[in-house]
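Overview (structure and organization)
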Amino acid sequence: MAEENGFQAAEGHFPCANKCGFFGSPATLNLCSKCFRNHRMSEDLSNSAKSTVENSFFVVSSSSAARSTVENYPAAEAAGKPNRCSACRKRVGLSGFNCRCGTTFCGAHRYPEQHACPFDYKAVGREAIARAHPVVKADKLEKI
């Protein structure tokens, strides 16, 4: 298309490798900006899918290792079935609520008062306030 119109590519620029009619550069793998952006997005999607699959294998292998230990069997079984409420055993599916104590609950038992949560919210709150507002105390002035 560029040859029939009499246009010449600038030095270092070539027609797009996807033959879309625009010019690309070696910095963008000889693709135009639009094709290069689409190429990068498809790479990012494939990389994220690959990492998701790898993470799922890691989770499965770690939970199976935890099940082999006799001491951690009840905790591992609960971790292996996160789609049930820990209080009433109701199926929660994807809408389960994860508590800070590390268990999953349904909508009725999601509040700490409803499932007798062992997590100490007051201590965590006090620590957060203490970190956010350190005590600033000035030195005493010398009396003349």
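Fair warning: this is a prediction, and the values are worked out from it, not measured in the lab. (Residues numbered from 1 in each chain as written. Predicted model: local features only at pLDDT ≥ 70, side-chain atom pairs only at ≥ 80, totals over all residues. Heavy atoms only, no water.)

Take the overall build of the protein chain next. Looking only at helices and strands, the protein chain has four helices and four strands in total. In sequence order, the secondary structure elements of the protein chain are arranged as α-β-β-α-α-β-β-α. For the protein chain, buried positions account for 12% of its 144 residues. Long-range pairs, those at least 24 residues apart, make up 2% of the contacts in the protein chain between residues at least 6 apart in sequence. When the accessible surface of the protein chain is split by element, carbon and sulfur atoms take 58% of a total near 12100 Å². (Helix = DSSP H or I, 4+ residues; strand = E, 2+ residues; numbered from the N terminus. Buried < 20%, exposed > 50% of the residue type's maximum accessible area, 1.4 Å probe, protein only. Contact = heavy atoms within 4.5 Å. Areas by Shrake-Rupley, 256 points an atom, 1.4 Å probe, with all protein chains shown as cover.)

Along the chain, His115 turns up in the loop between strand 4 (104–105) and helix 4 (121–132). Residue classification places His115 among the buried residues on the basis of a relative accessible area of 12%. The contact partners of His115, leaving out residues within four places of it in the chain, are Cys99, Cys101, Phe105, His109 and Arg110.

Residue position: Tyr111 is located in the loop between strand 4 and helix 4. Along the backbone, Tyr111 and Cys99 are twelve residues apart, and their C-alpha atoms lie at a distance of 8.2 Å. Side chain to side chain, Tyr111 and Arg110 meet in a polar contact 2.5 Å long. (Polar contact = N/O pair within 3.5 Å; in protein donor to acceptor, adjacent residues only side chain to side chain.)

A few words on the nonpolar core. Note on soluble globular proteins: their nonpolar side chains tend to be buried together. Residues Cys85, Val92, Cys99, Phe105, Cys106 and Cys117 constitute the largest nonpolar core, which totals six residues. Each residue touching Cys106, except ones within four places of it in the same chain, is listed here: Cys85, Cys88, Lys90, Val92 and Phe97. (Core = buried A, V, L, I, M, F, W, Y, C linked by side-chain atoms within 4.5 Å.)

Right, let's get into unusual backbone geometry. A positive phi angle, near 60°, is found at Leu29, a position not held by glycine. One can find Leu29 in the loop between strand 2 (23–24) and helix 2 (33–68). Positive phi, close to 65°, is recorded for Arg89, a residue that is not glycine. Here Arg89 lies in the loop between helix 3 (73–80) and strand 3 (97–98). Taking relative accessible area as the criterion, Arg89 reaches 44% and is therefore assigned partly exposed.

Turning next to the confidence of the model for the protein chain. Summary statistics for the protein chain give a mean pLDDT of 75 and a share of 68% for residues scoring 70 or more. Mean pLDDT in the protein chain bottoms out at helix 3, which sits at 48, and peaks at helix 4, which reaches 93. Every residue in residues 58–78 is under pLDDT 50, and counting partners more than four places away or in other chains gives five contacts. (pLDDT = per-residue confidence, 0-100.)

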